[in-house]
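# Understanding the architecture of this molecule
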Amino acid sequence: MKQTLSRLMRQPMARIAAALLAAIVCAALLVPWLSPYDSYTPDFALLSHAPTLAGGHVLGTDPLGRDLLVRVMWGCRISLAIGVIATLMSVVIGVAWGAIAGYAGGTTDQLMMRVVDVLYSVPFVPLVIVLTVLFGRDLWLMFVAIGAVSWLDIARIVRGQTLSLKQREFIEAARVCGVHGAAMIRRHIVPNLLGIVIVYATLTIPTVILFEALLSFLGMGVQSPMASLGSLVADGASEMQSHPHLLIVPAAFLSGIIYAFNYLGDGLRRALDPRSHD
Amino acid sequence: MPAMSPHAPQAALPAANTQALLRLRQVRVSYRSASGEPVPVVRGVDLDLAPGEILGLAGESGCGKTQLLLSILGLNGPQAQLSGSVNYRGRELLGLRAAQLNAVRGARIAMVFQDPVTALNPYLRIGTQLIEVLRSHAKVSGQQARERACEMLEAVQIGDARRRLSQYPHELSGGMRQRVVIAMALMASPEILLADEPTTALDVTVQAQILSLLRQLCERHGIAVLLVTHDMGVIAELADRVALMYAGRIVEQAPVDPIFDHPLHPYSEALQECVPRLDGPPPRRLASIPGAPPDPAALPSGCAFAPRCAYRLPVCDERTPELLQATALHWKACHYEGPLGRLRDDTT
Amino acid sequence: MNAVTRPLLAVEGLCVDYHVRVDGRRERLHAVSDVSFELTRGQSLGIVGESGSGKSSIARALLRLVPAASGRAYFEGRDLLQLTGRELRQLRGDLQLIFQDPLASLDPRMSVANSVAEPLRAFEPGLSAAERRARSTAMLEAVGLSATQLHRLPHEFSGGQAQRIAIARALITRPRLLVCDEPLSSLDVSIKSQIANLLMQLQGELDLSMLFISHDLGAVRFACSRVLVLYLGRVMELADREQIFRAARHPYTRALLQAAPAPTPRLARARGRPQLSGEIPSALAPPSGCVFRTRCPYAIERCARERPALRALGDSLVACHRAEELASEPELATLAG
């Protein structure tokens, strides 16, 4: 693990991505806490103010006079949280599902993977629309909805990897040592899958964030006054002509996060692949 | 004991063959480690290959024998740093660009790899692969190339050559594939064949056939062979002369009989004693060499074999022994001058 | 048969089949056909033959890693091939396996201490973590590794050290039968004999019975008191070591001995050209009659017609129609030397 990290950090692009991500995370945590403004209180004297260093609102204000910097940082928090939590959920479900299917093989494998196939074929956006209509807009619904879809990819990848791991000699050796069933999956299969799962999870986070942004943009995401980067971009888009900073600032942060995770995931993949010498 | 002279390997060649075909001088190969330090895998090797001889380059895995072989044709890969001199018929090969080397590779100096499965393209017919070798080096018509391919398949004793040309590699057995690989190497009539563990992937019965074939081809076509192997049995079967490598250096060099009859280097003696024999009374214990070959990134000071050596002297830890002439044809790199034979005594 | 002479392992008519796809059709490949042998306590039996002869399939079938098509394998009176889930898992502590490539047989993400202790978790679940630690440390020291290396991962060890770790893992539950599948083939010459010596020493100390699968006749001669010669899944010859190496009866055994690399160049020259031509045929299309007849220099018309039964000839069991005639050919009998 230490070796992987050092190989990761030797790639310049991955280093930049990690630094950028660390900066955004720190800012998202610190700025709302340090700033004199909060993200809900409107200031009707300063509606849609342009960015300025003089007035204290470094990135300006939104149409309700709320400080944009603080709101964007809150948006980063929400978006990152959705990205990380939904990905974690999909990793847990996906790894368990894929490893069990792959290790059990036969009919169990067939049944479990057909379930995945069926879920894949469900048109997702209409489903979320139906769910929001039924249950109202809710942050938890977002987690569940996104997590429920993104585990499918992980399950397929993990199953494939498990099938090839099963052929490896050390699994046969473990069987001779009396290891079987759940212990085999827990002790030998899953630890050997972690590398690829970490890579894939790192690449899933930006997908999830983008997906949440899409839902928010369509008006099905987080509910105002709470904000995610997606909803901020949506709000900004409607003011695009008169106050472009309302679109540009959250969009820039969204792109920054997506970029950072993608490069980090790519760097991890290279760091874990013993054949690639960066 | 004859007088020691400074290292001049030309003298180690039989008198008739003073003109070496291939002359390696102070060849060094190193790789960069994870921490950026250069790791030497070949540490200054001098070697001469005379026309028509079979020179066995023996040693255990990690001793640098394959890297030395690859350095002749500059095939070590982009990570490797090479220095020294590889001289083929007066022409310096080391440092040539790939385009210039290609005129030599395959045409004058051909290579046979260990694994016949990966050496052949599974999607191309045998005939196509054989002909490709020839046509990339010489202007010949398709018909001529086909004739030559047939001839070569017959030379490596593959029956029904014409039909084989249209077969794919997977339709052949392991031994047949290695014969095809050898035929491929011979297509452009090279003068030198570099063989890297050519029989390691094969069964003993097939190994015996391939070794016998290599010997015949060498005699019939006058090809010089540089044979890399970890198996002293293969050396005993095939080689005329032996260079024994340990930790990137040659530690003993001599014609094959003296090496086996009177090994001068403790490593050479130990390697031979390690191989269980099929005659004599069954041993109660096998002779072995304690420890393991050193990591090229952390070589001991002085003689690299000293930590495992049964004849270790105080000087061995201080000074690296030079490869010096011990008898007319026998060279060794060892400080110990007394008689060997301790290992043999241990097991009986 | 009384209790004293009863063998530890008695294999009768073992057959192993694989299903393979040839041009889209499912075909049955007979990897092992009708193999029988016995192994007494403390004895080691060598199984030799070329690749594709079914050596590893025997090992894997006995350890129930692949299913046997038919046959029986009595281990202390119980048929290994009939055991079901729980019984089988309990017995696995008594039957252990060492693989050819030690690094591939160790979990790359598991520390050596955990790998070695793995069988204890399964077979002696009552042990505390500290007891397990003590047992694995003692075992690793017994195979010549130091306790300071316990927390490392397998890739930090050389091939020889990794094979020592694999041996420690196989022996930690004190099994009675150890199956070694080419345990020396992936090792360097100087390490090979270290490991062979270690195996023999431990075999003596622990009163182990061993199945020693190898293509290295020298190692088999050192390690085994009895030798079974296998060709295309069938037993060609089964005899004591002395018999096999001094006066082999079967043409295939002789050919194997003759093909083994000579220890010195003088012996190599004296021996001349290899006798055996061709290669082992595909198990999908075995020759009729005697499976070896296509490469046998002594094959006659009868060999194609009739499969030779394994029968007693002197102290050997041989499957060859012409074994008596060939036994009197002196220059062949001495090829091994």
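Residues numbered from 1 in each chain as written. Chains lettered and ligands numbered in written order. Predicted model: local features only at pLDDT ≥ 70, side-chain atom pairs only at ≥ 80, totals over all residues.

Turning our eyes to something else, we now look at the overall build of chain B. Helix and strand counts for chain B come out as 12 helices and 12 strands. In terms of C-alpha radius of gyration, chain B reaches 21 Å, essentially the compact-globule figure of 20 Å for 348 residues. With respect to the principal axes defined by its C-alpha atoms, chain B has extents near 65 × 50 × 45 Å. Put simply, chain B has 348 residues, and 48% of those count as buried. (Helix = DSSP H or I, 4+ residues; strand = E, 2+ residues; numbered from the N terminus. Rg over C-alpha atoms; globule rule 2.2 N^0.38 Å. Buried ≥ 20, exposed ≤ 12 C-beta atoms within 10 Å, placed from the backbone.)

Attention now moves to the packing of helix H4 (residues 126-135) of chain B against helix H7 (residues 174-186) of chain B. All names here are of chain B. Relative to each other, H4 and H7 sit at 25°, their axes nearing to 8 Å. On the basis of their axis angle, the class for H4 and H7 is roughly parallel. Here the hand of the crossing between H4 and H7 comes out right-handed. On H7, the residues that touch Ile126, Gln129, Leu130 and Val133 of H4 are Val180, Ala183 and Met184. Across the contact of H4 with H7, the residue classes break down as 6 nonpolar, 1 polar and no charged. (Axes fitted to C-alpha atoms, helices over the stretch in contact; angles between N-to-C directions. Parallel < 35°, antiparallel > 145°, perpendicular 65-115°, else oblique. Left-handed = near helix turned anticlockwise from the far one by under 90°. Contact = placed C-beta atoms within 7 Å. Nonpolar A, V, L, I, M, F, W, Y, C, P; charged D, E, K, R; others polar.)

Under the 1.5 Å per step criterion, the end-to-end length of helix H4 (residues 106-121) of chain A is 23 Å for 16 residues, consistent within 8% with the ideal 22 Å. Where burial is concerned, little of H4(A) is hidden: 0 out of the 16 residues are buried. (Expected span 1.5 Å × (residues − 1).)

So, about the interface of chain C and chain B. Between chain C and chain B, the residue contacts involve 40 residues of the former and 36 residues of the latter. Those elements giving two or more residues to the side of chain C that touches chain B turn out to be helix H6 (189-206), helix H7 (217-223), helix H8 (241-246), helix H9 (251-259) and helix H10 (265-271) of chain C. Split by residue class, the side of chain C that touches chain B holds 20 nonpolar, 12 polar and 8 charged.

What follows deals with the sheet that holds strand S4 (residues 81-88) of chain B. All names here are of chain B. Read across the sheet, 4 strands follow the order S2-S1-S4-S5 without closing on themselves; strand pairing throughout is antiparallel. At either end of the open sheet lies a strand with only one pairing partner, and these are strand S2 (38-49) and strand S5 (91-92). Two elements, S4 and S5, share 2 bridges in a ladder whose sense is antiparallel. When the bridges of S5 are listed, Asn87 appears paired with Glu92. (Pairing = 2+ DSSP bridges.)

This part is about the nonpolar core. Core analysis: the biggest nonpolar cluster contains 211 residues, and B:Leu57, B:Ala183, B:Leu227 and C:Leu211 have the highest contact counts within it. Examining the composition of this core, we find that 8 residues originate from one element, H7(B), more than from any other. Counting residues in each nonpolar core, the second largest holds 63 residues, with A:Val149, A:Ile205, A:Met220 and A:Ala260 among its members. (Core = buried A, V, L, I, M, F, W, Y, C linked by C-beta atoms within 7 Å.)

Further remarks concern the sheet that holds strand S2 (residues 25-39) of chain C. Sheet strands associate in pairs through backbone hydrogen bonding, adopting either a parallel or an antiparallel arrangement. Residues and elements named next belong to chain C. Judged by pairing direction, the sheet is antiparallel, and its 4 strands sit side by side in the order S2-S1-S4-S5 without closing on themselves. A strand with exactly one partner marks an edge of an open sheet, and here the two such strands are S2 and strand S5 (78-79). Sheet topology note: the strand S4 (residues 70-75)/S5 ladder contains 2 bridges and is antiparallel. By the bridge assignment for S5, Phe75 is matched with Arg78. The strands that helix H1 (residues 55-62) touches are strand S1 (9-22), S2 and S4; relative to S2, the one it contacts most, it runs at about 80°.

This next bit is on the environment of C:Arg132. Residues and elements named next belong to chain C. On the secondary structure map, Arg132 appears in helix H4 (residues 129-142). The partly exposed category is assigned to Arg132, around which 19 C-beta atoms lie within 10 Å. Sequence-wise, Arg132 and Pro7 are 125 residues apart; in three dimensions their C-alpha atoms are separated by 32 Å. Here Arg132 is in contact with Ala117, Leu120 and Leu127, once residues within four sequence places are set aside.

Let us look at the pairing of S1(C). Residue and element names in this part refer to chain C. Pairing between S1 and S2: 11 bridges, direction antiparallel. Directly across from His19, in S2, lies its bridge partner Arg28. Linking two consecutive strands that pair antiparallel, namely S1 and S2, is a turn of 2 residues; a positive phi of about 50° is found at Asp23 within it. Here S1 pairs with S4 via 5 bridges, running antiparallel. From the neighbouring strand, Val11 faces S4, where its bridge partner is Ala73.

With that out of the way, let us pick up unusual backbone geometry. Residues and elements named next belong to chain C. Backbone geometry places Glu76, a non-glycine residue, at a positive phi of 50°. Among the structural elements, Glu76 can be located in the loop between S4 and S5. Even without being glycine, Leu232 reaches a positive phi, approximately 50°. With respect to the helices, strands and loops of the structure, Leu232 is situated in the loop between strand S9 (226-231) and strand S10 (234-240). The exposure class of Leu232 is buried, given the 25 C-beta atoms found within 10 Å.

It is worth spelling out the confidence of the model for chain C at this point. Residues and elements named next belong to chain C. Put simply, chain C has an average pLDDT of 90, and 96% of its residues get 70 or more. Every residue in residues 332-337 scores below 50 in pLDDT, and together they form 11 contacts with partners more than four places removed in sequence or on other chains. Predicted as a complex, the structure gets a pTM of 0.85 and an ipTM equal to 0.85. (pLDDT = per-residue confidence, 0-100.)

Moving on: the packing of helix H1 (residues 2-9) of chain A against helix H10 (residues 245-272) of chain A. All names here are of chain A. Direction vectors running N to C along H1 and H10 enclose 125°, while the axes themselves pass 8 Å from each other. It follows that H1 is oblique to H10 by the angle criterion. In this structure, the crossing between H1 and H10 has a hand that is right-handed. Contact residues: Thr4, Arg7 and Leu8 in H1; Gly267, Leu268, Ala271 and Leu272 in H10. In the contact of H1 with H10, the residues fall into 4 nonpolar, 2 polar and 1 charged.

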